[in-house]
Amino acid sequence: GVPYPQQKAAMLAWLEADMKQANTDRATRPWIIVHFHRPAYSTGATQVTPYQVFEPLMYKYGVDIIFSGHVHNQERTLPVFNKTVQAGPDAAHPYADAKAPVYIVSGNPGNAEETNYFDRGFDAWTAWRSYHFGYTHVTVEDQNT
């Protein structure tokens, strides 16, 4: 975490202002994508700060996807907030019109320390996971895909 309260407050004020601005015109910015170093959701090692401090802001401002690393494996969640799946209205397409962000851990590329095994089984919000070496490639084609 941030060791000095005034720096933490300044960082959170900046982040909230940036999220608010990003969310003002979703026709221009249909995707809001964020990156944390440590994951808020991972069956390998969830971190308290991203979960308690940042998750409420990500939800409040409609962030779509949050990438993180640190844990040396890969995992993707269903749309989730407060450890509860918030999928879209069509169960066959849980990511469409979802009510919460999707969290993606991609912490295994280039790791010389080997990959991390998972601490526990699947959580309700777990969509996919792997401890094999790999990387993440993202293609955003338009506002719908």
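Our structure is the block above this text.
So, how was this worked out
The numbers attached to residues start from 1 for each chain and follow its sequence in the written order. Restriction of local features to residues with pLDDT of at least 70 applies here, the model being predicted, together with a cutoff of 80 or more for giving and counting side-chain atom pairs; totals for whole chains, interfaces and linings are based on all residues. In computing side-chain values, all of the structure's heavy atoms are included and hydrogens and water are not. Helix and strand definitions here come from DSSP, where helices need a minimum of 4 consecutive H or I residues and strands a minimum of 2 consecutive E residues; each element is numbered from the N-terminal end. In this scheme, a helix's expected span is set at 1.5 Å multiplied by one less than its residue total. To sort residues, take the accessible area from a 1.4 Å probe on protein chains only and compare it with the maximum for the residue type: under 20% means buried, over 50% means exposed, and anything in between is partly exposed. In this description, the arc belongs to the directions extending from the helix axis to the C-beta atoms. In what follows, residue pairs with any heavy atoms lying within 4.5 Å of each other are defined as contacts. In this analysis, rings of Phe, Tyr and Trp, with Trp reduced to its six-membered ring, are considered paired at centre separations within 6.5 Å, and the interplanar angle assigns stacked below 30 degrees, edge-to-face beyond 60, and tilted for intermediate values.

(A) Structural context of helix α1 (residues 5-22). Compared with the 26 Å implied by 1.5 Å per residue over 18 residues, the 25 Å span of α1 between its first and last C-alpha is a close match. Looking only at α1, the buried set comprises L15, M19 and A22. Down the axis of α1, the buried side of the element spans an arc of 60°, and every buried residue falls inside it. Turned more than 90 degrees away from the buried face of α1 sit P5, Q6, W14 and K20, all of them exposed. In the core, the buried residues of α1 are packed alongside β1 (33-35) and α2 (48-60).

(B) Highlighting the packing of aromatic side chains. Applying the stated criterion across every chain yields a total of five aromatic pairs. Aromatic side chains Y41 and Y51 sit 5.7 Å apart centroid to centroid with 85° between the ring planes, which places their arrangement in the edge-to-face category. Separated by ten residues along the polypeptide, Y41 in the loop between β1 and α2 and Y51 in helix α2 bring together distant segments of the chain. On the numbers, 3.8 Å between centres and 15° between planes, the contact of Y59 with F81 is stacked. Of this pair, Y59 sits in helix α2 while F81 sits in strand β4 (residues 80-81); the two residues are 22 residues apart in sequence, bridging distant segments of the chain. Taken together, Y41, Y51, Y103 and W125 form an aromatic cluster joined through their ring pairs.

Take it as geometry only, folks, not as evidence of what the structure does.
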